[in-house]
Amino acid sequence: MIAENTQTQMRKGILEYCILSIISRGEIYASDIIGELKKAQLLVVEGTLYPLLTRLKNNGLLSYNWQESTSGPPRKYYKITAEGTEVLSRLDVTWKELLFAVETSLQGRS
């Protein structure tokens, strides 16, 4: 139980960083974000993703625009803002520091 709780918290902590990284590649539809997260083995459902996207948008890190779809209603495409790019750069540094800390802590473990 303790390991599962820790695993869940670790995944939650990295999710925003991964989402910003994915969106930084270019405009993207929410279903495609979920697909990218699944490829990375970070399984996320729409009920988790949409509130996160809304929070990131409300914090000025993302914007969106509506695009017509050939197969249904218009779709909302997300893109990273200048502020989002700055935050992502800071998160890149933090990630490298954390990666170093974890790898260093694991050295010599059998």
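Residues numbered from 1 in each chain as written. Predicted model: local features only at pLDDT ≥ 70, side-chain atom pairs only at ≥ 80, totals over all residues. Heavy atoms only, no water.

Let us look at the UniProt feature "domain: Transcription regulator PadR N-terminal" (unreviewed entry) in the protein. Residues annotated by UniProt as "domain: Transcription regulator PadR N-terminal" (unreviewed entry) correspond here to residues 19-89. The span residues 19-89 carries 51% helix and 27% strand; its end-to-end C-alpha distance comes to 13 Å. (UniProt positions renumbered as here; feature names shortened; annotations may be inferred. Helix = DSSP H or I, 4+ residues; strand = E, 2+ residues; numbered from the N terminus.)

Moving on, we come to the layout of surface pockets. By volume, the largest pocket amounts to about 410 Å³. No other element matches helix 1 (residues 2-23), which puts seven residues into the lining of the largest pocket. Tallied by class, residues from the lining of the largest pocket come to eight nonpolar, three polar and two charged. Taken as a whole, the second largest pocket encloses approximately 200 Å³ of empty space. Along the walls of the second largest pocket sit Arg11, Lys12, Leu15, Glu16, Leu42, Leu43, Val44, Val45, Thr48, Leu52 and Arg55, which together make up its complete lining. Contributions of two or more residues to the lining of the second largest pocket are made by helix 1 and helix 3 (46-58). With four residues, the top contributor of residues to the lining of the second largest pocket is helix 1. Residue classes in the lining of the second largest pocket are distributed as six nonpolar, one polar and four charged. (1 Å grid on protein atoms, 1.4 Å probe; cavity = no way out; pocket = protein on both sides within 12 Å on 5 of 7 lines; lining within 4 Å. Points joined across faces, edges and corners; volume = space filled by probe spheres on them. Nonpolar A, V, L, I, M, F, W, Y, C, P; charged D, E, K, R; others polar.)

Moving on: a nonpolar patch on the surface. On the surface, a nonpolar cluster with roughly 270 Å² of combined accessible area is contributed by Trp95, Leu98 and Leu99. By secondary structure assignment, the location of Trp95 is in helix 4 (residues 82-106). The exposure class assigned to Trp95 is partly exposed, which follows from its relative accessible area of 35%. (Patch = residues over 30% accessible without salt bridge, like charges linked within 9 Å, V, L, I, M, F, W, Y side chains within 5 Å. Areas by Shrake-Rupley, 256 points an atom, 1.4 Å probe, with all protein chains shown as cover. Salt bridge = Lys/Arg side-chain N within 4 Å of Asp/Glu carboxyl O. Buried < 20%, exposed > 50% of the residue type's maximum accessible area, 1.4 Å probe, protein only.)

The next subject is the environment of Gln67. Relative to the assigned elements, Gln67 resides in strand 2 (residues 62-69). Taking the C-alpha atoms as reference points, Gln67 and Gly108, separated by 41 residues in sequence, lie 52 Å from one another. Among the polar contacts listed, one links the side chain of Gln67 to the side chain of Asn65, at a separation of 3.3 Å. (Polar contact = N/O pair within 3.5 Å; in protein donor to acceptor, adjacent residues only side chain to side chain.)

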